[in-house]
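What follows is the residue order along each chain.
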Amino acid sequence: MSVEFDQKIHDTLANASLQLAIYTATGRLKEKRIEVTAENVLPDYQELRTQANALKKHTIDNLDHYLEEFERNVEAYGGKVVYCKDATEVSDFVLDLAKRRGSKLIVKSKSMTTEEVDLNERLEHHGLESVETDLGEYILQLAHEKPYHIVAPALHKTRYDVADLFTKALHVARETVPEKLTLIARGVLREKFLKADIGISGANFLIADSGAVVLVENEGNARLTTSAPKIHVAVAGIEKVIPRARDLAVFLKLLARSATGQLLSVYTSFLAGPRRVGEVDGPEEFYVVLLDNGRTRLLPDRSKRESLYCIRCGACLNTCPVYRKIGGHSFPWVYSGPIGAIITPQFMGISHEPALPFASSLCGACGEVCPVKIDIPKVLLELRGDVKKMEAREGQNRMEKLAFRVFAWVMTHPRIYEMAGRLAASVAPAGDGKWIGSLPAPMSVGPMKAWLSERDLPPSPSKSFREMWRNR
Amino acid sequence: MGNQVSLFVTCMVDQLFPKVGMAMADVLERLGYRVDFPEGQTCCGQPAFNSGYRAEARTVARHFLKTFEASERIVVPSGSCTAMVTHHFAELFQKEPETLALVHAMEKKVYEFATFLTEVAGVEDVGARMEDVVTFHDGCHGLRELGIKSAPRRLLAHVKGLELREMVPAEECCGFGGTFAVKFAELSGAMARTKIEAILGTGANTVVSLDPSCLMQIQGALSRAGLNVRTMHLAEVLASR
Amino acid sequence: MSRDNILHKVRTALGRSAAQAVADVPPVRLRVPEAAMEDRIALMMARVEALAGKAVRVPTMEAAREFVAGIIAGKTAVASNAPYLEECGVTGLPGVRSGIREVGELTEVCAKVDIGITSADYALSDTGTLVMLASPAESRLVSLLPPAHLAVVPVERILTGLDELFTILPNPAAQTSSMVLITGPSRTADIEQILVRGVHGPGQVTVVIVG
Ligand code: SF4
């Protein structure tokens, strides 16, 4: 495990107020999801999940077909599709566009995909002003931080943190009431919307048969981003495409329910191309950036390919007992929680943080809530296998490898197994039937020491089961 | 079908909690089953599998298949180890059709203890008595991989003198997770403490579960916190009278 | 260019060849339940109220105009070019700007007024949703920039839900560059999970159901 990963976990666990914030926020989202997906409220919930999974599987298995169909339709409605292989290509495209149109100010709505490629930083580096307009993202931009959660990006910030950030960056009188803070942001950002030439959004879905970008949000900033400026650029991963507009009837019912426990999010925008003749408003130019950035890397593997079905609802984070303890910033990349644990190693390469797939008790809660039925625990297990193969290739972690070899050998030799058991029992303290809080120093090493750092050990029984059975 | 059953007690029960195995045998015998214990048994291979050592897990799984080949039915005091056999062995032998056939045959013979009682033996009242207030901890693999939710509760409901109180939240992991418990000890400990808060919230004196590994984690943390709540395997509860 | 490169990578990874046909898309069953108009109306109103919006039902177009007149009294408003608003006489009310067809002017007006008045192409009773298709009649900004949004919708446009919407409108892109589903007032919970309305879009949504 990298020192950094370990340290971040430790720091988060040690921060009592942060612990409370994460646990309450995720708990609330989790409860709301349970309410609106209950059998009596949504009887066909499981059927919808099955359909969503089948639709995603079909699309990803035929991804090239649907990308081309999408592209044809975007162009038929007067938009343009731009394929980008990585972060540089995305920012180069936007920079070039901004230069050609003489734009200086860009408004952005929430998009995990642009977080992935550090778009703001790259644009700002070249002298453009790129403003996040989702309230949570705006707060984080002022704090120079990455999202803490896919759906609730600033869940770790208190109203006082926000007050500090606003006072410092905006030179306004200090307010600590969330309503007032929200109003301040509204005012500042409204002006940006009306001045900006380019609006950059993400995409929740790309609709192949319509050439449409679908955006789901509660605040209205995505609507503003895609309505007010003259140019709309949507940045989306190539996996976001689904075949038909009507498939939305399945996905929209699942997305908001899984994400925030709403029946539908406040705004669902279905955007197909620039403003048409006769329409009063809307952008004059419409671009969709289709980003690879590692996605094609995980297509060859039939069983891990399902990681690309994700609709970024965040339900797996809210239900994950690990996320609920270590929060979002402990994770080594922008995606956190169970979905982060399976896509980070696949997008970034397994050696980015080899310990990540192991940071799970494999409780399976994530797979149970995932609206598109990604078998996250299965993928985690496969990634663990991949990590061990990589370590074997590179000659790392030899002791552990040896230990498991010995384990396998012992477990296939019952006599040896029994002797080893007796030997262990003879040195282990019996503790008079009481649980053991500490061991003598020479024994308190490795896994024993780690176990004892948090818990007591069971006393060693005088006889093993097989001995008792024989003596019966 | 005959009334012969084989025990697979798991390595953990064999080495650390033999009383659980004895209690399970006890309950089964009382219900009229003839119980045997295939001596060659060791482990299901889960520790290696969950740690990413698939070749090693395969070796141990092969040993399991051989040891229990002749058994008609196998009863296991652990949801997690049952699920390893019924849900993960197949993944290990994808490329070996012959072994895979053996795995599929094995999947039909292996039962988690509570499920065996309610589904195969068809009993809910095993004639147990225990004066106590208990809460039930759902082991994650039993709950989510095997779908075990009501069987243990129905069995507990028939124990005379026993009152069952549900935890809120009931379905959250105790933080054990095999090597996770030591690789991420601090995190695992924090998860255990959250579980303990839920347990204390019920006012129960005893935590019951189907999985010795969860019980080891929970008891280890209870004991470390100096709390006077005990843990028992369901088999031990059902063997009480 | 990355286009061909990426598509090539995708195909190789999936073991497909260029222009290879695909199997049929898995079926999606759209269920349109039988729901009496009165039930749709009642559910629509209940859902809007549950979202902290306001829902009222008026019997006639004149009554609609009266109601709107009461709401906008003493305030400024902009109305979309929806023929239905004109038929109701809403566009002729004092204080209502309407008939704007130029985007610059529209933006300026919408950014200043208190209320944006629209009709809606459909409403979805299951979720309390307004469905707005951009067209010469309905713009995007009228329901977005002003702090309050008021929609005047004749009863016959109330559908049950998404399934019915996509049954009668399987291809929205053929009709419009922008279809927006509006379900309640703009909201955020980004600061300590405390719900605040009207963060970017209208904080008040009023649905006037006519008929
Ligand atoms: S993996 Fe599933 S549950 Fe997690 S964010 Fe993606 S869609 Fe939601």
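These figures come from a predicted structure and were not determined experimentally.

Novice: Just checking my understanding: could you explain the site of the ligand for this structure?
Specialist: All residues in the neighbourhood of the ligand are listed as Cys310, Ile311, Arg312, Cys313, Gly314, Cys316, Ile339, Cys370, Pro371, Val372, Ile374 and Ile376 of chain A. The residue inventory of the shell around the ligand, partitioned by class, reads 10 nonpolar, 1 polar and 1 charged.

Novice: What is the right way to read the packing of helix α5 (residues 79-92) of chain B against helix α6 (residues 97-107) of chain B from this model?
Specialist: Each pair of packed helices can be summarised by the angle the axes make with each other and by the distance between the axes. Residues and elements named next belong to chain B. Across the interface, α5 lies against α6 with an axial gap of 9 Å and an inter-helix angle of 165°. Between α5 and α6, the angle is such that the two are roughly antiparallel. Where α5 crosses over α6, the handedness of that crossing is left-handed. From α5, Val85, Thr86, Phe89 and Ala90 reach across to α6, where they touch Leu100, Val103, His104, Met106 and Glu107. Here the contact of α5 with α6 is composed, by residue class, of 6 nonpolar, 2 polar and 1 charged.

Novice: In this structure, what is going on with helix α8 (residues 135-143) of chain A? I would like to understand it.
Specialist: Side chains three or four residues apart in an α-helix point the same way, a direct result of the helix having 3.6 residues per turn. Across the 9 residues of α8 of chain A, 8 count as buried, placing the element largely inside the fold. Every buried residue of α8 of chain A is listed here: Leu135, Gly136, Glu137, Tyr138, Ile139, Leu140, Gln141 and Ala143 of chain A. Close packing links the buried residues of α8 of chain A with α6 (112-116), α7 (119-125), β3 (129-132), α9 (159-170) and α10 (178-195) of chain A together with β10 (187-188) of chain C. Phi turns positive, to about 55°, at His144 of chain A, one or two residues after α8 of chain A.

Novice: Sorry, what's going on with the interface of chain B and chain A here?
Specialist: A common way to report how large an interface is uses the accessible area buried once the components associate. Listed by partner, the interface residues are 66 residues for chain B and 61 residues for chain A. Together, the buried faces of chain B and chain A total about 5700 Å²; carbon and sulfur atoms form 63% of this surface. When the buried area of chain B at its contact with chain A is split by residue, Tyr53, Phe184 and Arg224 of chain B rank highest and sum to 12% of it. On the surface where chain B and chain A come into contact, there are 10 salt bridges. Where Arg144 of chain B meets Glu368 of chain A, a salt bridge forms, and the shortest distance between an N and an O atom there is 3.0 Å. Linking chain B with chain A are 33 residue pairs in polar contact (both at pLDDT 80 or more), by the criterion used here. The dominant element in the side of chain B that touches chain A, judged by the number of residues it contributes, is helix α11 (residues 185-202) of chain B, at 9 residues.

Novice: Help me understand the environment of Leu254 of chain A, please; the structure alone is not making it clear to me.
Specialist: Residue and element names in this part refer to chain A. Relative to the helices and strands, Leu254 is located in helix α12 (residues 248-260). In this structure, the C-alpha to C-alpha distance between Leu254 and Val372, residues 118 residues apart in sequence, is 8.6 Å. If sequence neighbours within four positions are ignored, Leu254 has contacts with Tyr45, Leu48, Arg49, Ala52 and Pro371.

Novice: Looking at this structure, how should I read the pattern of salt bridges?
Specialist: For side chains of opposite charge, pairing can occur when their charged atoms come near one another. Applying the stated criterion across every chain yields a total of 65 salt bridges over all chains. With its nearest N and O atoms 3.7 Å apart, the salt bridge here joins Glu164 of chain C to Arg40 of chain C. You can see Glu164 of chain C sitting in helix α6 (residues 162-168) and its partner Arg40 of chain C sitting in helix α2 (residues 37-50), a full 124 residues away along the chain. With its nearest N and O atoms 3.5 Å apart, the salt bridge here joins Arg65 of chain C to Glu66 of chain C. Members of the salt-bridge network, linked through shared partners, are Asp64, Glu68 and Glu71 of chain A together with Arg3, Asp4, Arg11 and Arg16 of chain C.

Cut-offs and rules
Residues numbered from 1 in each chain as written. Chains lettered and ligands numbered in written order. Predicted model: local features only at pLDDT ≥ 70, side-chain atom pairs only at ≥ 80, totals over all residues. Heavy atoms only, no water. Near = heavy atom within 4 Å. Nonpolar A, V, L, I, M, F, W, Y, C, P; charged D, E, K, R; others polar. Axes fitted to C-alpha atoms, helices over the stretch in contact; angles between N-to-C directions. Helix = DSSP H or I, 4+ residues; strand = E, 2+ residues; numbered from the N terminus. Parallel < 35°, antiparallel > 145°, perpendicular 65-115°, else oblique. Left-handed = near helix turned anticlockwise from the far one by under 90°. Contact = heavy atoms within 4.5 Å. Buried < 20%, exposed > 50% of the residue type's maximum accessible area, 1.4 Å probe, protein only. Buried area = accessible area lost by both parts, 1.4 Å probe. Salt bridge = Lys/Arg side-chain N within 4 Å of Asp/Glu carboxyl O. Polar contact = N/O pair within 3.5 Å; in protein donor to acceptor, adjacent residues only side chain to side chain.

That's the geometry; what it means functionally is another story.
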